[in-house]
Amino acid sequence: MKTAIHRTGLILAALLIFHVCCILPAAAAPIVQREVAPSGGAVTVTYTIDAEEPFAIGIVESVPEGWTFAETDNAISAAPHFEIDRDGRKIAFFVCDEKEVSYTLTGTGDGIQGFVTEWVDLCELSPDLKEGKGRWNTLGASSVSSVNLQQETQAQKSPGFGICAALLGCALGAGAIALRQRTGGDEA
Amino acid sequence: MNVSRAPVLLLVALAAAFLISPAAAADSLPLGAEGRLTGDLVATSVCGYLLGTNDLTLDEVSDAAYVYAVWGGEPKTVTDMTGRKMTLYRPVERIITNNPDNSRLVIAYGDGHLLVGSDECTIDSGCVCPMTADGEIFCEECWEGVTPGGLENLALTNDRYTPNYEQMVSLKPDLVFLWMSWEDQADDMVERVGAPVFVAGPDFTYESVTDHTLAVGEALSKEGEAEELVAFMNSKIRMVTDITDAIPEDEKVRVYFAPRGAKKGFYDAKEGRDFTRTYNTYFPLDMAGGVNVAEDCADGNVNVAIEQIIAWNPDVILVSCSTPDDAGVDFILAAPELQSIKAIQEGRVYNVFYPHCRGRPQDRNLLNVLYMARILYPDKFADLDMEQEGNEIMTAFLGVDGVYSAYADYLTFPRDQQI
């Protein structure tokens, strides 16, 4: 009975470590997430930025065929800084210390398929004298489904360390359980 | 013959002049803005860059966005620790340091990746990360972790005494951190390198340590990180002073501190110092509850006579140590001249962390606050875990865990010394 309680405790501890490590960011780098809210023949795309102020982010989104921007900027977005390239089917935002920006466009579909979103942390410092697009981040591509897009976005929230630490936590927990089973636990 | 050589020589001279001429320092805001960058200008430029409708580069729009977001769109004027003012028009992305104390702070603020050049004591000795006296890297995680590509692979921009201006110019720094001992070279360096030169460094007062921490933080626009580091240092110091401040003055231990060690005996004529060199002010000793027997010396950094040390008759002698083969403590304990001293008679002569390393290493001097307290008042600090505290301190500066453990393994006295 005591062993079972201890085993449950170890499992809970491992899960707790996993949970904490999953939400632990690798660094204070900004995180951009994209959410879509369909409404009739339109969708509202919202970017949420998780970053410490001050920050400045550039976001550019390519819109697939079948979607249309409204004729006036006011009808597209209330964001303070954005620009549209109607011929190129792109919209770009400069986001400075705003946690959220959104825009609306009309068309058919889920607002995910065919959209490509790229963003760049404009306050990231780099000693490179001639930077290319290496610093750009891509949120999603046309082939991903809504679920996959969310997974990809989520993956960008905690690159590297968080996942590794979570796996390490699980491995330690599993190892401890296995060891206790082999040795018979406290009673051995 | 001479006539035909002239153009060639002229070309060579021009090429050489071009190569060693100062890099053009940024003396204007990005995007050609005058006075202040507006949100509309930055936004238009950024959006145009993202859409591919202008010819701006990521460097240019990033600089503009940084100046707008971090500095409010205006150039940033900073003042170094000698009172020299300088104006930054673009973010500091390429840094040269000329001593380990400034390198350590750059790393502490998460800007190690911006170091493009440094001095031989940062990159080629154990002043930042542990290294043996023979030049063998001792804590690889530290050397590899503090800068991308390894600290030892940074460009060497000065040895102990001379800057390599040609190298510095070629690295196109945005800012050079110069330690206080080279203060008189600062203005000349600005002219020759073509970049602002920020003079900064601590002495052995704690106020200067916090001033240095905050000054470098401001220069790098890392004010928040600097405040956090000062708060961290304060928290470690309070662990000691909360106890030592309560000790009545007449019950405090009287200490002779030999900051230059005793590796070469009482006095080394070549260096002009050794055991008989002491300081009248050393904040770790004061905070650890020691009464510095040299506190009334008029000169802060002074060689004293052996007779004076005997006359002071300290309860404890602390000898700085930087290498595992240092037999300074044994030499002092056995010195016939010192046998009348209470500390010798009671065997209370100890190694402590060396407080110099081409500067005043903030992390190691913070270690000494705790370590000296353990030595001076072993009963009051019996529960102090040097391993844990030491690693926390080194991690706060270098961002790498286990550096203290590696350093203690190398020195051996933190492990072996009986307190």
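Everything quoted here is computed from the prediction, not taken from an experiment. (Residues numbered from 1 in each chain as written. Chains lettered and ligands numbered in written order. Predicted model: local features only at pLDDT ≥ 70, side-chain atom pairs only at ≥ 80, totals over all residues. Heavy atoms only, no water.)

### What to know about the overall build of chain A
Here is the rule: Strands here mean DSSP runs of E at least two residues long; helices mean DSSP runs of H or I at least four residues long; both are numbered from the N terminus. Whether a residue is buried, partly exposed or exposed follows from its accessible area with a 1.4 Å probe, protein chains only, as a fraction of its type maximum: under 20%, in between, or over 50%, in that order. Each accessible area value is a Shrake-Rupley result obtained with a 1.4 Å probe; residue values ignore everything except the protein chains displayed when judging cover.
What chain A contains, in helices and strands, is 4 helices and 9 strands. The order of α-helices and β-strands along chain A, N terminus first, is α-β-β-β-β-α-β-β-β-β-β-α-α. When each of the 188 residues of chain A is scored for burial, the buried share is 38%. A total accessible area of about 10,100 Å² is found for chain A, and carbon and sulfur atoms account for 58% of it.

### So, the interface of chain B and chain A
Under the convention used in this document: Any two residues whose heavy atoms approach within 4.5 Å are treated as being in contact. The term buried area denotes the loss of accessible surface (1.4 Å probe radius) that occurs when two parts are joined, taken as the sum for both partners. Any carboxyl oxygen of Asp or Glu within 4 Å of a side-chain nitrogen of Lys or Arg constitutes a salt bridge here. In the analysis that follows, any N or O atom pair within 3.5 Å is treated as a polar contact, provided that within protein one partner can donate a hydrogen and the other can accept it, and provided that, for residues neighboring in sequence, both atoms belong to side chains. In this classification, the charged set is Asp, Glu, Lys and Arg, the nonpolar set is Ala, Val, Leu, Ile, Met, Phe, Trp, Tyr, Cys and Pro, and all remaining amino acids, among them Gly, are polar.
Every contact between the two is made by 29 residues of chain B and, on the other side, 31 residues of chain A. Of all residues in chain B, Leu50, Leu51 and Leu58 of chain B give up the largest surface area on contact with chain A, accounting jointly for 27% of the area buried on that side. Summed over the shared surface of chain B and chain A, the result is 0 salt bridges. Where chain B meets chain A, there are 6 residue pairs in polar contact (both at pLDDT 80 or more). Among the elements that make up the side of chain B that touches chain A, the one with the highest residue count is helix α2 (residues 39-51) of chain B (11 residues). Residue classes in the side of chain B that touches chain A are distributed as 18 nonpolar, 6 polar and 5 charged.

### A word on the layout of surface pockets
Residues and elements named next belong to chain B. The condition that has to hold: Of the grid points, spaced at 1 Å and generated over the protein atoms alone, those admitting a 1.4 Å probe that cannot get out make up cavities, while open sets with protein on both sides within 12 Å along at least five of seven lines make up pockets; any residue with an atom within 4 Å of a point is treated as lining. Grid points are joined across faces, edges and corners, and a volume is the space filled by probe spheres set on the points. Bear in mind that the domain bounds are from an automatic or database domain assignment.
Approximately 1,200 Å³ is the volume found for the second largest pocket. For the second largest pocket, the lining is made up of 44 residues, of which Arg160, Arg260, Arg273, Tyr354 and Cys357 are closest to its centre. Breaking the lining of the second largest pocket down by element, the ones donating at least two residues are β9 (277-279) and α17 (403-411). Here the lining of the second largest pocket is built from residues that sort into 15 nonpolar, 14 polar and 15 charged. Two domains each put at least three residues into the lining of the second largest pocket: domain 2 (76-230) and domain 3 (241-416).

### Considering the packing of aromatic side chains
Filter applied, for reference: Centre distance within 6.5 Å is the pairing criterion for rings of Phe, Tyr and Trp, where only the six-membered ring of Trp is used; planes under 30 degrees apart are then read as stacked, over 60 as edge-to-face, and the remainder as tilted. Charge over a ring is defined by NZ of Lys or CZ of Arg lying within 6 Å of the ring centre and within 35 degrees of the ring normal.
If you walk through the whole model with that rule in mind, you get 25 aromatic pairs over all chains. Ring geometry for Tyr47 of chain A against Tyr103 of chain A: centres 6.5 Å apart, planes inclined by 25°, an arrangement best described as stacked. Placement of Tyr47 of chain A in strand β2 (residues 42-50) and of Tyr103 of chain A in strand β7 (residues 100-107) is noted, with a sequence separation of 56 residues between them. Taken together, the aromatic side chains of Phe204, Tyr206, Phe257, Tyr279, Tyr282 and Phe283 of chain B make up a single cluster linked through ring pairs. Taking NZ or CZ as reference, Lys133 of chain A lies 4.1 Å from the ring centre of Trp136 of chain A, over its face. Here Arg364 of chain B stacks its cationic end above the ring of Tyr407 of chain B, 4.4 Å away from the centre of that ring.

### A look at the state of the cysteines
Residues and elements named next belong to chain B. Convention followed: Put simply, a disulfide is two cysteine sulfurs that come within 2.5 Å.
As enumerated under the stated definition, the model contains 2 disulfides over all chains in all. Through a disulfide, Cys127 is tied to Cys357; the S-S separation comes to 2.0 Å. Residues Cys127 and Cys357 are joined through a disulfide that is left-handed, its torsion about the S-S bond being -80°. With Cys127 in the loop between α5 (120-123) and α6 (140-145) and Cys357 in the loop between β13 (349-353) and α15 (362-376), this residue pair connects regions lying 230 residues apart in the sequence.

### A word on the sheet that holds strand β3 (residues 95-97) of chain B
Pairing between the strands of a sheet is mediated by backbone hydrogen bonds and can be parallel or antiparallel. Residue and element names in this part refer to chain B. Worth spelling out the cut-off: Pairing between strands requires that DSSP locate at least two bridges from one strand to the other. For helices, the axis comes from a line fit to the C-alpha atoms of the stretch in contact; other axes are also lines fit to C-alpha atoms, and the angle between any two N-to-C directions lies between 0 and 180 degrees.
The parallel open sheet is built from 5 strands, whose spatial order is β5-β4-β3-β6-β7. Each of the sheet's edge strands pairs with one partner strand only, and the pair in question is β5 (155-158) and β7 (197-199). Averaged over neighbouring strand pairs, the angle between their axes works out to 25° when direction is ignored. Where β3 meets strand β4 (residues 115-119), 2 bridges bridge the pair, whose relative direction is parallel. Looking at β4, one finds that Ile95 is bridged to Leu115. Packed onto the sheet, helix α4 (residues 100-108) meets β3, β4 and β6 (175-178) and runs at close to 155° relative to β4.

### Overview of the confidence of the model for chain A
Residue and element names in this part refer to chain A. For clarity, the cut-off: As a per-residue measure, pLDDT tells how confident the predictor is, with possible values from 0 to 100.
In this model, chain A carries a mean pLDDT of 74, and residues with pLDDT of at least 70 account for 60%. Across residues 15-27 the pLDDT falls below 50, and counting only partners more than four positions away or on other chains, this stretch makes 15 contacts in the model. This model gives residues 141-170 a pLDDT under 50, and the stretch forms 48 contacts once residues within four places in sequence are excluded.

### Considerations on the pairing of strand β1 (residues 31-39) of chain A
Bridging between β1 of chain A and β2 of chain A involves 9 bridges; their strand directions are antiparallel. Within β2 of chain A, the residue paired with Glu35 of chain A across the bridge is Thr46 of chain A.

### Digging into the pairing of β13 of chain B
Residues and elements named next belong to chain B. Of all the 5 residues making up β13, 5 are buried; the element is thus mostly covered by neighbouring parts of the structure. One ladder, built from 5 bridges, connects strand β12 (residues 316-321) with β13; its direction is parallel. Residue pairing across strands places Ile317 opposite Val349, the latter belonging to β13.

### Here we look at α15 of chain B
Threshold: Helix span is expected to be 1.5 Å times the residue number reduced by one.
For α15 of chain B, which comprises 15 residues, the first-to-last C-alpha distance of 21 Å matches the rise-based estimate of 21 Å (1.5 Å per residue) to within 8%. Counting buried positions along α15 of chain B yields 14 of 15 residues, so the element is predominantly enclosed.

### Quick word on the confidence of the model for chain B
Residue-level pLDDT values for chain B average 94, and 94% of them are 70 or greater. Within the model, pLDDT remains below 50 along residues 16-20 of chain B, and this stretch shows 3 contacts once partners closer than five positions in the same chain are excluded.

### Re the sheet that holds β2 of chain A
Spatially, 4 strands are ordered β1-β2-β7-β4 (chain A) in an open sheet, and the strand pairing comes out antiparallel. Strand pairing shows two members of the sheet lacking a second neighbour, β1 and β4 (67-68) of chain A, which therefore form its edges.

### Points about the packing of helix α9 (residues 206-219) of chain B against helix α10 (residues 223-244) of chain B
Residue and element names in this part refer to chain B. Heads up, the condition is: In what follows, roughly perpendicular refers to angles from 65 to 115 degrees, roughly parallel to angles under 35, roughly antiparallel to angles over 145, and oblique to any angle outside these ranges. Left-handed describes a crossing whose near helix is turned anticlockwise from the far helix by less than a right angle; the clockwise case is right-handed.
At a closest axis distance of 7 Å, the pairing of α9 and α10 adopts a crossing angle of 160°. One element, α9, and the other, α10, form an angle in the roughly antiparallel class. The interaxial crossing formed by α9 with α10 has right-handed handedness. Contacts from Tyr206, Val209, Thr210, Thr213, Leu214, Gly217 and Glu218 in α9 reach Glu223, Ala226, Glu227, Leu229, Val230, Met233, Asn234 and Ile237 in α10. When its residues are assigned to classes, the contact of α9 with α10 shows 8 nonpolar, 4 polar and 3 charged.

### Notes on the packing of α4 of chain B against helix α16 (residues 386-398) of chain B
A packed helix pair is summarised by two numbers, namely the angle formed by the two axes and the spacing between the axes. Residue and element names in this part refer to chain B. Where α4 meets α16, the closest approach of the two axes is 6 Å, and the angle between their N-to-C directions is 85°. As the angle between them shows, α4 and α16 are arranged roughly perpendicular. Residues Arg104, Leu105, Ile107 and Ala108 of α4 lie in contact with α16, whose contacting residues are Ala396, Phe397 and Leu398. Of the residues in the contact of α4 with α16, the class split is 6 nonpolar, no polar and 1 charged.

### Considerations on a negative patch on the surface
Keep this limit in mind: To count toward a patch, a residue needs a relative accessible area above 30% and no salt bridge. Like charges then connect within 9 Å, nonpolar side chains (Val, Leu, Ile, Met, Phe, Trp, Tyr) within 5 Å. We score Asp and Glu as negative and Lys and Arg as positive, and we do not count His or the chain ends. To locate a charge, the coordinates of NZ of Lys, CZ of Arg, CG of Asp or CD of Glu are taken.
On the surface, a cluster of negative charge is made up of Asp50 and Glu52 of chain A together with Glu225 and Glu228 of chain B. In this structure, Glu225 of chain B sits in helix α10.

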